[in-house]
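# Structural features, examined
Letter by letter, the chains look like this.
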Amino acid sequence: MTRQHYQGSCQCGSIAYEVDADLDQTFTCNCSRCQRLGFVLTFVPRADFRLTSDGPVTEYLFNRKQIHHRFCPNCGVESYAFGTGPDGAEMVAVNVNCLAGVNPRALASQAVDGASY
C-alpha cells in the first residue's frame, strides 16, 4: 500500500477530516489509553491532515501531557490526536478505525510498547 487519501470521522460525524496516509505504517499500542480504546494508529505530518468538520471537540491530556487527544463529546469517539514527533515536527495520530472504507483488523500493524514509556 502507498500513501492514499482517506476520509475519517467520529461516529456521529460532528468531527470529520481528510488525511493522506500510508496504511502500511500502522501501530497498536499497549499504553493505558490505547489498549483500552483498541486503537489502530497511523502517524502523519500535520500538513497531511485537514479537519472538514471540527466539533464540538473535547481534549484529554494524560501522562506527560504532550499528546492532545481530541474526542467528540457527543459520541465519545477519539478519531485523532495532535502531538510532535521525535524530531519536533507537528504530527497527527490518526485512529485508523475511523477511516471510511478501511478494515483496520486486516492491516499488518506493528505492536508498540507504550506501557514502558
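See the structure shown above.
To keep things clear, this report deals only with the structure shown in the data block. None of these values were measured; they are calculated from a predicted model. (Residues numbered from 1 in each chain as written. Predicted model: local features only at pLDDT ≥ 70, side-chain atom pairs only at ≥ 80, totals over all residues. Heavy atoms only, no water.)

### Notes on the overall build of the chain
Put simply, the rule reads: Helix and strand assignments come from DSSP, with helices taken as H or I runs of at least 4 residues and strands as E runs of at least 2, each series counted from the N terminus. In this treatment the radius of gyration is a C-alpha quantity, and the globule benchmark scales as 2.2 Å times the residue count to the 0.38 power. Contacts are assigned to residue pairs with any non-hydrogen atoms lying within 4.5 Å of each other. Accessible areas in this description were obtained via Shrake-Rupley with a 1.4 Å probe; residue shielding takes into account the shown protein chains only. Counted charges follow a simple rule, with Lys and Arg positive, Asp and Glu negative, and His plus the chain ends left uncounted. Where a charge sits is defined by one atom per residue type, namely NZ (Lys), CZ (Arg), CG (Asp) or CD (Glu).
Within the chain one finds one helix and ten strands. Here the chain has a C-alpha radius of gyration of 13 Å; the compact-globule value for 117 residues is 13 Å, and the two agree. Intrachain contacts of the chain at a sequence separation of at least 6 include 55% that bridge at least 24 residues. As displayed, the chain has an accessible area near 6,700 Å², and 48% of this comes from carbon and sulfur atoms. Here the chain contributes 9 positively and 11 negatively charged side chains, and the mean placements of these two sets differ by 8 Å.

### What about the pairing of strand 1 (residues 4-9)?
Condition: By definition, two strands form a pair when at least two bridges between them are found by DSSP.
Examined bridge by bridge, strand 1 and strand 2 (residues 15-21) share six bridges and lie antiparallel to one another. Bridging from a neighbouring strand, Gln-4 pairs with Ala-21 of strand 2. The loop that links strand 1 with its antiparallel partner strand 2 comprises five residues; one of these, Gly-13, has a positive phi angle of about 90°.

### Here's the deal with the layout of surface pockets
Here is the rule: Points on a 1 Å grid, built from protein atoms alone, make a cavity when a 1.4 Å probe fits but cannot get out and make a pocket when they are open with protein on both sides within 12 Å along at least 5 of 7 lines; residues with an atom within 4 Å of a point are the lining residues. Grid points are joined across faces, edges and corners, and a volume is the space filled by probe spheres set on the points.
Put simply, the largest pocket is a space of about 940 Å³. Around the largest pocket sit 33 residues that line it, and Cys-29, Phe-43, Ile-67, Thr-84 and Tyr-117 are the ones nearest its centre. Put simply, the parts of the chain that give the lining of the largest pocket at least two residues each are strand 3 (27-29), strand 4 (41-45), strand 8 (78-84) and strand 9 (90-95).

### Focus: the nonpolar core
As a reminder of what qualifies: Working definition of a nonpolar core: buried Ala, Val, Leu, Ile, Met, Phe, Trp, Tyr and Cys residues. They are joined through side-chain atoms within 4.5 Å. Buried, partly exposed and exposed residues are distinguished by accessible area as a fraction of the type maximum, computed with a 1.4 Å probe on protein chains only: under 20%, between the cut-offs, and over 50%, respectively.
Within the largest apolar cluster, 20 residues are counted, with the highest numbers of intra-cluster contacts made by Tyr-17, Val-19, Leu-23, Phe-49, Val-94 and Leu-99. Those elements giving two or more residues to this core turn out to be strand 2, strand 8 and strand 9. In terms of residue count, strand 2 provides more of this core than any other element does, four residues in total. Those residues in contact with Val-19 that lie beyond four places of it in its chain are Gln-4, His-5, Tyr-6, Val-44, Asp-48, Phe-49, Val-94 and Leu-99. Core analysis: the second largest hydrophobic core is formed by seven residues, Cys-29, Cys-31, Ala-81 and Ala-93 among them.

### Concerning the sheet that holds strand 1
Quick reminder of the rule: Convention adopted: a line fitted to C-alpha atoms gives each axis, helices being fitted over their contacting stretch, and angles between N-to-C directions are expressed from 0 to 180 degrees.
Pairing is antiparallel in the open sheet, where three strands are placed in the order 1-2-5. If you trace the sheet from one side to the other, it starts and ends with strand 1 and strand 5 (49-54), each paired once. Ignoring which end each strand starts from, the neighbouring axes of this sheet average 15° apart.

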